[in-house]
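# Per-entry structural report
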Amino acid sequence: STMQFLLFLHSLKGDFVMKMKWIALAVAAAIPAAAMAIGGASGPKIDYEVQGHIGEVMGNPYGIAPLTAVIRDGGYTLADVTVHIVPKQGGQKISYKVSRSQLLTHGGVPVFGLYPDYLNTIRVDYTRIDTTGKKEKFSDEYKLYAPPVYFEPAGNTMERMMPFEAEVKKADPEFSDRLYFVNNFGQKSSIGTRAVWNNPTGGALEWNYWPQNTVIDTKGEVRWFMFANPIYDLNSLYSAGVMMGFKQNADGLLTWGFGQRYVKYDILGREVFNRRLPMRYGDFSHSMDDADNGHYFLRVSSSNWKRADGKNVRTVRDVIAEVDQNGNVVDEWRLAEILDPYRDNVMKVLDQGAVCLNIDASQAGKTLTAEEIAKLDASDKFGDIVGTGPGRNWAHVNSVDYDPEDDSIIISSRHQSAIIKIGRDKKVKWILSSPEGWKKGWAEKVLTPIDANGGKIKCSGSKCEGEFDWTWTQHTAFKIDEKSKGDIIYVSAFDNGDARGMEQPPLPEMKYSRSVVYKIDQKKMTVEQIWAYGKERGHDWYSPVTSLTEYQADKNSIFVYSATAGASFDMASGAFTSAPNPYIEEFKWGAKEPSVEIQLKNCTGYQAWPFSVEKALSQEVK
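This structure is a prediction, so every number in the text was calculated from the model and none was measured.

### Remarks on the overall build of the protein chain
- When helices and strands are counted, the protein chain shows six helices and 42 strands.
- Across the protein chain, every contact between residues at least 6 apart in sequence was considered, and the portion connecting residues at least 24 apart equals 59%.
- When the accessible surface of the protein chain is summed, it comes to about 26400 Å², and 52% of that surface belongs to carbon and sulfur atoms.

### What to know about the nonpolar core
- Formed by 71 residues in total, the largest nonpolar core has its most connected members in Val109, Phe112, Trp256 and Phe611.
- Residues within four places of Phe611 in sequence aside, it is in contact with Phe112, Leu179, Tyr180, Phe181, Gln248, Leu254, Ile267 and Ala616.

### Quick word on the sheet that holds strand S26 (residues 408–413)
- Read across the sheet, four strands follow the order S25-S26-S27-S28 without closing on themselves; strand pairing throughout is antiparallel. Strands at the two margins of the open sheet, each flanked by one partner only, are strand S25 (397–403) and strand S28 (428–432). Taken over all neighbouring pairs, the strand axes of this sheet differ in orientation by 15° on average, direction set aside.
- Both S25 and S26 contribute to a ladder of six bridges, which runs antiparallel. Considered in S26, the bridge of Asp403 is made with Ser408.

### Observations concerning the state of the cysteines
- Here the structure, examined in full by the defined rule, presents one disulfide.
- With its sulfur 2.0 Å from that of its partner, Cys459 forms a disulfide with Cys464. The sign of the S-S torsion, about 100°, decides the handedness of the disulfide formed by Cys459 and Cys464: right-handed.
- Exposure remark for Cys459: the relative accessible area of 31% places this residue in the partly exposed category.
- Cys464 gets classed as buried once you look at its relative accessible area, which sits at 16%.

### Regarding the pattern of salt bridges
- Within this structure, the stated rule accounts for 37 salt bridges.
- Ionic pairing is found between Asp309 and Arg307, a salt bridge with its closest N-O pair at 2.9 Å.
- For Arg307, a relative accessible area of 11% puts it in the buried group.
- Put simply, Asp331 and Lys426 hold a salt bridge, and the shortest N to O gap is 3.1 Å. In this pair, Asp331 sits in strand S22 (residues 329–334) while Lys426 sits in the loop between strand S27 (418–423) and S28, placing the two residues 95 residues apart along the sequence.
- Shared partners join several salt bridges into a network, and the residues in it are Glu322, Asp331, Asp407, Arg424 and Lys426.

### Some points on the side chain of Asp324
- Its place among the elements puts Asp324 in the loop between strand S21 (319–323) and S22.
- Buried and unpaired, Asp324 has no salt bridge, with Arg275 as the nearest side chain of opposite charge at 6.0 Å.
- For Asp324, the side chain forms a polar contact with the main-chain nitrogen of Asn326, separated by 2.9 Å.

### Brief notes about the environment of Ala69
- Counting through the fold element by element, Ala69 comes out in strand S2 (residues 68–72).
- When its relative accessible area of 0% is taken as the criterion, Ala69 is described as buried.
- Measuring from C-alpha to C-alpha, the distance between Ala69 and Leu268 comes to 7.4 Å, with 199 residues separating the pair along the chain.
- Look past the residues within four positions of Ala69 in its chain and what remains in contact with it is Val57, Met58, Gly59, Asn60, Pro61, Val109, Pro110, Val111, Leu144 and Leu268.

### Describing the pairing of strand S18 (residues 296–302)
- Counting buried positions along S18 yields seven of seven residues, so the element is predominantly enclosed.
- Sheet topology note: the strand S16 (residues 281–282)/S18 ladder contains two bridges and is antiparallel. Bridge pairing in S18 places Tyr281 opposite Ser302.
- Bridge count between strand S17 (residues 288–290) and S18: three bridges; the pairing is antiparallel. Residue pairing across strands places Asp290 opposite Tyr296, the latter belonging to S18.
- Hairpin connection of S17 to S18: five residues between the antiparallel strands, including Gly294 at a positive phi of 90°.
- In this sheet, S21 lies alongside S18 in antiparallel orientation, the contact comprising five bridges.

### Re the packing of aromatic side chains
- Considering all chains together, one arrives at 28 aromatic pairs under this definition.
- Site record: aromatic cluster; members linked through ring pairs are Phe181, Trp224, Phe246, Trp256, Tyr265 and Trp609.
- For Arg223, the ring lying beneath its charged end belongs to Tyr115, and the centroid distance is 3.9 Å.
- The ring of Trp197 has Arg314 sitting right over it, with the charged end atom 3.6 Å from the ring centre.

### Observations concerning unusual backbone geometry
- With omega at -5°, the peptide bond leading from Asn199 into Pro200 counts as cis.
- As for its placement among the helices and strands, Pro200 is situated in the loop between strand S9 (179–186) and strand S10 (210–217).
- You will see that Asp283, though not glycine, has its phi angle at about 55°, which is positive.
- Considering the arrangement of structural elements, one finds Asp283 in the loop between S16 and S17.

### A look at the environment of Lys427
- In this structure, Lys427 sits in the loop between S27 and S28.
- Remark: the alpha-carbon pair of Lys427 and Ile338, spanning 89 residues in sequence, is separated by 6.9 Å.
- Ignoring anything within four residues of it in the chain, the contact list for Lys427 reads Lys421 and Ile422.

### A word on the confidence of the model for the protein chain
- Overall, the predicted model of the protein chain reaches an average pLDDT of 91, with 89% of residues at or above 70.
- Across residues 1–41, confidence stays below pLDDT 50; counting only partners more than four residues off in sequence or on other chains, it has 29 contacts.

### Considering the environment of Asp380
- Within the fold, Asp380 resides in the loop between helix H5 (370–377) and S25.
- Classification of Asp380 by relative accessible area gives exposed; the value is 54%.
- Note: C-alpha distance between Asp380 and Gly391 (eleven residues apart in sequence) is 9.7 Å.
- In this structure the side chain of Asp380 is engaged in a polar contact, spanning 2.2 Å, whose partner is the side chain of Lys311.

### A look at the pairing of S21
- Burial of S21 is extensive: five of the five residues sit out of reach of the surface.
- Both faces of S21 are covered, namely the face carrying Val319, Ala321 and Val323 and the face carrying Ile320 and Glu322.
- As paired strands, S21 and S22 are joined by five bridges and run antiparallel to one another. In the strand pairing of S22, Val319 is matched with Arg334.
- Taking the residues that link successive antiparallel strands as the turn, the S21-S22 hairpin has five residues, and the phi of Gly327 there is positive, at about 90°.

What counts as what
The residue numbers shown here count from 1 along each chain, following its written sequence. This being a predicted model, a pLDDT of at least 70 is required before a residue's local features are given, and a value of 80 or more before pairs of side-chain atoms are given or counted; all residues contribute to the totals for chains, interfaces and linings. Values reported for side chains reflect all heavy atoms of the structure, with hydrogen atoms and water molecules removed beforehand. Numbered from the N terminus, helices here are DSSP runs of H or I no shorter than four residues, and strands are runs of E no shorter than two. Every residue pair with non-hydrogen atoms within 4.5 Å of one another is taken to be in contact. The protein chains shown are the only cover counted for residues, whose accessible areas, like all others here, come from Shrake-Rupley with a 1.4 Å probe. By nonpolar core is meant a set of buried Ala, Val, Leu, Ile, Met, Phe, Trp, Tyr and Cys residues that side-chain atoms within 4.5 Å join together. Only protein chains enter the area calculation, which uses a 1.4 Å probe; residues under 20% of their type maximum are buried, those over 50% are exposed, and those in between are partly exposed. DSSP calls a pair of strands paired once it identifies at least 2 bridges connecting them. Axis lines are fitted through C-alpha atoms, for helices just across the contact stretch, and the angle between N-to-C directions can take any value from 0 to 180 degrees. A pair of sulfur atoms, both from cysteines and within 2.5 Å, is called a disulfide here. Definition used for salt bridges: Asp or Glu carboxyl oxygen within 4 Å of a side-chain nitrogen of Lys or Arg. Counting rule for charge: Lys and Arg are taken as positive, Asp and Glu as negative, and neither His nor the chain ends is counted. Nitrogen and oxygen atoms within 3.5 Å of one another constitute a polar contact, given that in protein one can donate a hydrogen and the other can accept it, and given that sequence-neighbouring residues count only through two side-chain atoms. Geometry of aromatic contacts follows a simple scheme: Phe, Tyr and Trp rings, the Trp one being its six-membered ring, pair when their centres are within 6.5 Å, and the pair is stacked under 30 degrees between planes, edge-to-face over 60, tilted otherwise. Charge over a ring is defined by NZ of Lys or CZ of Arg lying within 6 Å of the ring centre and within 35 degrees of the ring normal. Along the chain, pLDDT gives the predictor's confidence residue by residue, from 0 to 100.

The following block contains the structure:
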């Protein structure tokens, strides 16, 4: 650079220095003014490249989002800004307006949606206003190389491509502008994965996977990824865990949690907060929901629970903590005091080869007997294990959805195969579940299945006539606010399908998953199944764990991520030969076939959902 060259000249001595200074001045005069920062006559000059009519480009401005940038405002005030990421040939265009608040927050123009390992072309239309109030319109074109996608490799034979290959099977024109946030993860050995809580006993600290978070377009191209290394450390007990519960809030910002932390960032990687869990709790995973008043509902566990037998334990995935904007705890739902932590019907029939993410091919199809459950429950063995009572994984709550209409929460409890609504008073309002095993006090809250005409559906045990079915080891029970009114509410869920009908099928190939929507009359205590998809896809679409179903108001659609479908298994060796091959799908409301289907290859999926760049960068802060 010119600055380095002048410093080199200054280090030389004699007449030669004078001659070289003249040469340096000539060189400096030949450098375009646009390539120098503008300072006063005596002010400092710092070299950087300016491609347009404002300031320099900062790639990855906050360190964790390499496919983003900020074009600095150069000291001007900017207005009427629109960004266009020029697509590859046949690619998906990303264009968005930039709000004034975003321009002020980032000191320039935020750029989102760059292609990795590619020299991107970005066009920016804007009005530039100087200190005298003079306005000029510009349309600048920028060239910016963005780096390849990088995640820490796990070092196993299933890895084929980072982060994954995406096969676009279908993308109708109405959905061609979609961007999908994909929350996946991979195994990676570390000190953290070998650690367990032992003061008090039990807990789920050792649950650790490397984050693989991306945004893809409907062409299957990655347009954003998180370089998590600056904020994540597998070898630190308080900076590791499984990144889960991602959500784009109404303000456009991202919230999620991992291990002993819950956080909020914008899509460029700017930190809003990154907090340790309150000391009363530990082991965040699965779900972080927001409320309009700025509160957050965190699925955590108790860091010190006094059991009825006098033993102190860490619990497992059975507490909801509500925190305010400043991290103060304002309320909690201690589910072992609200539900029946000793209902073991589902746990006795779970496939022990796929208890959440602890997938063990050698245990596929095996279940626990009543005697084994009783022996375990009588022991001092606590932690992230299937069993009943506080200190064991009896509930496994994997989603929390706050309902402001009646100040309640809706939870999905995998190990009860139940979707449950609980009020602020900690009383159960209703239970969407097979009636088997619910004792008095809860049995009265189980919803009654009805058909479209309001007729009661005949059920025997855990099986009902017709197409109606309960959810089994389900994920993501979300109220559909836009469809609900008064006592009539709609709830979506991903019915994973393990232990369907309270049993394991004769052959594993008989298992299937469903995406399902229910209509619930909270006053009459009835439930109607109004839409389902997945049974017709059979075992190839079966996701034993994880996954998501969620309504999308902007397109009146249902989004589905069958996140652990399609793993290859070798019966002879008893081992998996590939990671899962998840499905991203989106359906028009009521449609029997998807408008979008994208299959990812060789990756372990958790959740995915449509991402809105307009919500993130175009809306003004109120």
